[in-house]
Amino acid sequence: MPERSGPGFRRRVGPPSRRARVLLLTLGVLAVLFLLFVMFAGFWTDWLWFRSVHYSSVFTTQLWTKIGLFAVFGVLMAVIVGFNLWLAHRLRPPLSAMSVEQQSLDRYRSGLAPFKRWALIGVSLVIGLVAGAAASGQWRTWLLWTNATPFGTKDPQFGMDVSFYAFDLPFYEFLLGFAFSAVIVSLLTSVLVHYLYGGLRLQGPGRRASAGAQGHLAVLLGIFVLLKAVAYWLDRYALAVKTGSYKGVSGWTGLRYVDANAFLPAKTILFFVAVICAVLFFLTPVRRTWAPALIGLGLMVLSAVLIGGVYPAIVQQFQVKPNEQAKETPYIQKNIDATRQAYGIADSQVTSYEPANSTNADALKPDAQTITDIRLLDPNVVGPTFQQNEALRKYYAFPKSLDVDRYGAQDTVLGVRELDLNGIQRNWINDHFNYTHGYGVIAAKGNQVDSNGNPVYTESALPTKGAFGNYEQRIYYGEKTSTYSIVGGGYQDIDYTAEDGTPVHFSYDGDSGVGLGNPLTRAAYAVKFAEPQILYSSAIRDGAKIIYDRTPKERVEKVAPWLSIDADPYPVVEDGRVVWVLDGYTTSDGYPFSSKTTLGDVTKDSLTSQRGELLTAANQVNYIRNSVKATVDAYTGEVTLYQWDENDPVLKTWMKAFPGTVKANKDIPPALLPHLRYPQDMFKVQRDLLAEYHMTDAGGFFNGTDIWQVPTDPTTNSNEVQPPYYLTVRMPDAQAATFSLTTSFAPQGRDNLAAFMSVSADPGPDYGKIRVAKLPTGSGALGPKQVQAKFNSDPLVAKELTLLKTGTDSDIEYGNLLTLPVGGGLLNVEPVYLIGRSAKVPVLKKVLATYGNENAVVAVEDNLEKALAKVLGGAAPGAPVTPTAPGTTPTTPTTPTTPTTPTAPGAGVTPELHKAIADVLKAQNDADNAAKAGDWVALGQAQKAQSEAAKALAAAEQKAGLTPSGSPTASPSASPTAAPGATPGATPTGAPSTGP
């Protein structure tokens, strides 16, 4: 009979044909193979990358640690759960009670019967896989615990070494959490099996639980309560790292009076109560009754409420509140001491500084170098100027925020000319083969501009020429290099375009990248980058390599996953190479009594959007050290880690976990060392803490009468705080100016100036020394917001800036507002840039300055010299003060005359010695002349020349045999000076004396 069709009739659909089944099976197999290959590609390319940068041990250590934790804890969880499932099934009653409930369950028991073993294995494996995956994420905790290094410092409450809280306690808490999970999962699955097989009943007459089910579940509950007892015991120590909010500190950490005198004894009592309760549960199978165990559990819960909740509240209300300061002061002091130690601010030096409203020549003498090196070139403003003047090709770009470093004692603003693919015709060959690198580092003097307001470049052009000499200028690894490139193998990429438009080609020969000679490797990278052309493109020749993960920050983060990396890498030209320097931090959230801080919050300022943000795996920390200096070669991508803090126990622990990955401090190249500097993010963390923790007296801290805050940046429209500035500055209690990182403080809730803070950024003996100049209350010193308001409200400033903009189709942008302690007072300087609305290129046109309080004169001039002359009231030094070594007393040089011919017994007078003496005297004369003329720039340069001449004189003396080798003749940082009361014609101190 023919098959009928039409409305109301359903077509019979037979089983799929054999061909269709084969096709479906083939597609399924291919899909599984593709997924497996994607997983393999991720693993394989990671391994090849780590091997190419010579940090394969980092990859293998992480891999085997994760595999080990996954296997051990996954198997352990599977065995525990599987055993309890098997035991619950084995303890099932032989006959189920006849009831509607059991009759309904018979269907499930019958359906499960053929698959019981597979179901048990399957459930156990799934739970084990989940537990293993969670455990593998604890690889950091495991490595810290197994490689723990003592801090050598004990906490003030329990007398335990800090390493117990930083390394041991987190691992014990992980083990406890795992044990709780295993018991809870075992308990839930066992209850389900007992119910399914009649060991537990909700309906019917008789006992609700069989003897087997009762004993099994009682033991599991007893283990749970026993684990709770262990948790109570560990909670005692966890009180030392407990975080809360107190006295305005949101991350307050450590015990307070109520913790030490109520919670601590409560935890101890609850520990014993829980142990007794667990014993009662373990006795339940013997006594065949739940009553004692349930009564014990009820008592434990009641004890937790009364002893752990009500009693501390009573202590707080009736003991602490009536006399809070007396009760809390000892614990506040512990918090202050621990916090200052953990953040490296314990040795910060706070001195009183009462700023004067006027100055004179003598007061200004010691600050000549500070004034000379005032930075007019704001690195966060002039990026577009570098772009306009020095990009030179449309496929090059500079970052918006440039960097500051020192070259030849000159504060220098630097920018790397990096590749910008948006300036080319975009296609796969251009993006990844032809345009692969940037070219050169551009540098300009920080304290000068030319007559048009543009930077004074010390390194410029393409290829660059200038102060850096010959160096490898190609930038294959940089902050803006976010894509992969395929280089080498004889392929000629575009080096740069010559002036006549002809491309200059280059074939990369650096020791970097992963070779693509293996078809399997090419296939893996084709999957990784979702680009099939990598697999078959003829442009990839023999010897070609693929380079990727090219930003310095991500390279260091991959080879040192235990470090937190400063958000601002900076370039250094040294030994013919361009290297990126990065600061690495070791952190912990387990330092007892030290208050916690959120790194992402406290390191934010008005420039964070341009520079990036400091984040860590655990964003809340209460211990930080700048332990590692890292470099990334801009040409080869080579990553090198150097141990900077040799006393940091966290770094020592990680160095044991990853041996051979961090080089010793002594291995830092001598040419690189002068360019290392104190990092900004570390400084921002410390200044945030010092805003409150500069108060070292617990009584004053309790009252909170001297809390500071970092002022908001008045030069921007954001409400973010002012960033710190790298400056050459002499603090009031220092002998000489040094390259420093500086910031201002305002009193909490007010805008006037409370303090000025600096840290020595030069890698010398004073590196990291924090100095704070604290202003007295009511000093009248202007904070940054008030200074900006004073500038904006000054009629002359308003007139000059209005005239500047009139008819130019331009806008005004303020540069960095610098506050400097000079001449016994406070000098504020701010450059003003004119920015065209179309070209967006900043050009420095005016300099604003003021000295003193709200009644001080405001200057708006074309250059710094005129502005200083106006606000300093024409004060000029009478005679220069020669820079002296720290710890020595500066002396006043007399007018030098031609020295007598130096000789010494047994030594000849060399031409070098004559020249050195002449240089010393010339530098002194130059300083005198500059002082008399009031030429600040010349005076600062002369004082630098004096320092260099002193070094040359000391070397000449030693070479001539006038001083024994190694004996001090003149401080390296000091120039020779005449002895007080010296007569004309006397030989300057430090010069060789006349022989007999």
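Residues numbered from 1 in each chain as written. Predicted model: local features only at pLDDT ≥ 70, side-chain atom pairs only at ≥ 80, totals over all residues. Heavy atoms only, no water.

1. Some points on the overall build of the protein chain
Moving on, step 1. Helices and strands together make up the secondary structure of the protein chain, namely 27 helices and 34 strands.
Moving on, step 2. Taking all 996 residues of the protein chain together, 53% fall into the buried category.
Moving on, step 3. Taking contacts inside the protein chain between residues at least 6 apart in sequence as the whole, the part at least 24 apart equals 69%.
Moving on, step 4. With an accessible surface of roughly 43600 Å², the protein chain has 57% of that area assigned to carbon and sulfur atoms. (Helix = DSSP H or I, 4+ residues; strand = E, 2+ residues; numbered from the N terminus. Buried < 20%, exposed > 50% of the residue type's maximum accessible area, 1.4 Å probe, protein only. Contact = heavy atoms within 4.5 Å. Areas by Shrake-Rupley, 256 points an atom, 1.4 Å probe, with all protein chains shown as cover.)

2. Comments concerning the nonpolar core
Moving on, step 1. Counting 153 residues, the largest nonpolar core has Ile486, Trp562 and Leu641 as its most contacted members.
Moving on, step 2. Sort the elements by how many residues they give to this core and helix H6 (residues 162-196) lands first, with 15 residues.
Moving on, step 3. Once residues lying within four places of it in the same chain are set aside, the contact partners of Ile486 are Trp428, His432, Phe433, Leu516, Ile540, Ala544, Lys545 and Ile546.
Moving on, step 4. Phe386, Tyr725, Val829 and Leu872 belong to the second largest nonpolar core, which has 43 residues in total. (Core = buried A, V, L, I, M, F, W, Y, C linked by side-chain atoms within 4.5 Å.)

3. So, the environment of Asn792
Moving on, step 1. Of note, Asn792 is situated in helix H23 (residues 784-793).
Moving on, step 2. Within the structure, Asn792 has its side chain in polar contact with the side chain of Tyr814 (distance 3.1 Å). (Polar contact = N/O pair within 3.5 Å; in protein donor to acceptor, adjacent residues only side chain to side chain.)

4. With respect to H6
Moving on, step 1. The end-to-end C-alpha separation of H6 is 51 Å, in line with the 51 Å expected for 35 residues at 1.5 Å each.
Moving on, step 2. Helix geometry: H6 is bent most strongly at Asp168, by close to 40°, with proline Pro170 lying one to four residues after it.
Moving on, step 3. With its phi angle positive at about 90°, Gly198 sits one or two positions after the end of H6. (Expected span 1.5 Å × (residues − 1). Bend = angle between axes of the 7 residues up to and from the residue.)

5. Quick look at the sheet that holds strand S13 (residues 485-488)
Moving on, step 1. The strand order across the open sheet built from three strands is S13-S17-S16, with neighbouring strands paired in antiparallel fashion. Both edges of this open sheet fall to S13 and strand S16 (514-515), since each of them pairs with a single strand only.
Moving on, step 2. Inspection of the sheet shows S16 paired to strand S17 (residues 544-547) by two bridges, in the antiparallel sense. When the sheet's bridge partners are listed, Gly515 is paired in S17 with Lys545. (Pairing = 2+ DSSP bridges.)

6. Structural notes on a nonpolar patch on the surface
Moving on, step 1. Together, Leu23, Leu24, Leu25, Leu27, Val29, Leu30, Val32, Leu33, Leu36 and Met39 make up a nonpolar patch on the protein surface, roughly 1000 Å² of accessible area in all.
Moving on, step 2. Positionally, Leu24 belongs in helix H1 (residues 18-52). (Patch = residues over 30% accessible without salt bridge, like charges linked within 9 Å, V, L, I, M, F, W, Y side chains within 5 Å. Salt bridge = Lys/Arg side-chain N within 4 Å of Asp/Glu carboxyl O.)

7. Considerations on the packing of aromatic side chains
Moving on, step 1. Tallying each qualifying case throughout the model produces 52 aromatic pairs.
Moving on, step 2. With a centroid separation of 5.9 Å and an interplanar angle of 40°, the aromatic rings of Phe151 and Phe167 are classed as tilted. Taken together, the positions of Phe151 in the loop between helix H5 (139-146) and H6 and Phe167 in helix H6 put the pair 16 residues apart, joining distant regions of the chain. Accessibility assignment for this pair places Phe151 and Phe167 in one class, buried.
Moving on, step 3. Taken together, a centroid distance of 5.6 Å and an interplanar angle of 75° make the contact between Tyr476 and Tyr635 edge-to-face. Note that Tyr476 is positioned in the loop between strand S12 (474-475) and S13 and Tyr635 in the loop between strand S23 (623-633) and strand S24 (639-643), a separation of 159 residues in sequence.
Moving on, step 4. Taking the relative accessible area as the measure of exposure, Tyr476 reaches 0% and is therefore buried.
Moving on, step 5. Members of the aromatic cluster, each reached through a chain of ring pairs, are Phe73, Trp142, Trp145, Phe158, Phe164, Tyr165, Phe171, Tyr172, Phe174, Phe178 and Tyr237.
Moving on, step 6. Here the basic side chain of Arg417 rests over the ring of Tyr396, its NZ or CZ set 6.0 Å away from the ring centre.
Moving on, step 7. Over the ring of Trp644 we find Lys629, and its NZ or CZ is 5.2 Å from the ring centre. (Phe/Tyr/Trp six-rings, centres within 6.5 Å; stacked < 30°, edge-to-face > 60°. Lys NZ or Arg CZ within 6 Å of the ring centre and 35° of its normal.)

8. Side note on the sheet that holds strand S9 (residues 441-449)
Moving on, step 1. Taken together, the five strands give an open sheet; going across it, the order is S5-S6-S9-S10-S11, and neighbouring strands pair in antiparallel fashion. Sheet topology places strand S5 (403-407) and strand S11 (465-466) at the edges, where each strand pairs with a single neighbour.
Moving on, step 2. Pairing geometry for strand S10 (residues 455-460) and S11, over two bridges, is antiparallel. Bridged to Ser460 within S11 is Lys465.
Moving on, step 3. Each of strand S6 (410-416), S9 and S10 touches helix H13 (residues 383-390); the most contacted strand, S10, lies at about 55° to it. (Axes fitted to C-alpha atoms, helices over the stretch in contact; angles between N-to-C directions.)

9. Looking at the confidence of the model for the protein chain
Moving on, step 1. Looking at the protein chain as a whole, its pLDDT mean stands at 86, while 85% of the residues score no less than 70.
Moving on, step 2. Every residue in residues 876-909 scores below 50 in pLDDT, and together they form 88 contacts with partners more than four places removed in sequence or on other chains.
Moving on, step 3. Segment residues 962-996 is flagged for pLDDT under 50; beyond a separation of four residues in sequence, or across chains, it makes 79 contacts in the model. (pLDDT = per-residue confidence, 0-100.)

10. Structural notes on the environment of Arg236
Moving on, step 1. With respect to the helices, strands and loops of the structure, Arg236 is situated in helix H7 (residues 211-238).
Moving on, step 2. For the pair Arg236 and Ala260, spaced 24 residues apart in the sequence, the C-alpha separation amounts to 9.4 Å.
Moving on, step 3. Excluding residues within four positions of it along the chain, Arg236 makes contact with Phe158, Leu264, Lys267 and Thr268.

11. Things to note about the side chain of Arg771
Moving on, step 1. Assignment of secondary structure puts Arg771 in strand S29 (residues 770-774).
Moving on, step 2. By relative accessible area, which is 14% here, Arg771 ends up buried.
Moving on, step 3. Apart from the residues lying within four places of it in its own chain, the contact partners of Arg771 are Gln349, Met731, Asp733, Ala734, Phe756, Met757, Ser758 and Asp766.

12. A closer look at unusual backbone geometry
Moving on, step 1. Note the cis peptide between Leu462 and Pro463, where omega equals -10°.
Moving on, step 2. The phi torsion at Leu392 lies on the positive side, around 65°, for a residue other than glycine.
Moving on, step 3. Looking at the element boundaries, Leu392 is found in the loop between H13 and strand S4 (396-397).
Moving on, step 4. Residue classification places Leu392 among the partly exposed positions, given a relative accessible area of 39%.
Moving on, step 5. Not every positive phi belongs to a glycine, and Asp549 is a case in point at roughly 50°.
Moving on, step 6. Looking at where Asp549 falls in the secondary structure, it is placed in the loop between S17 and helix H17 (552-559).

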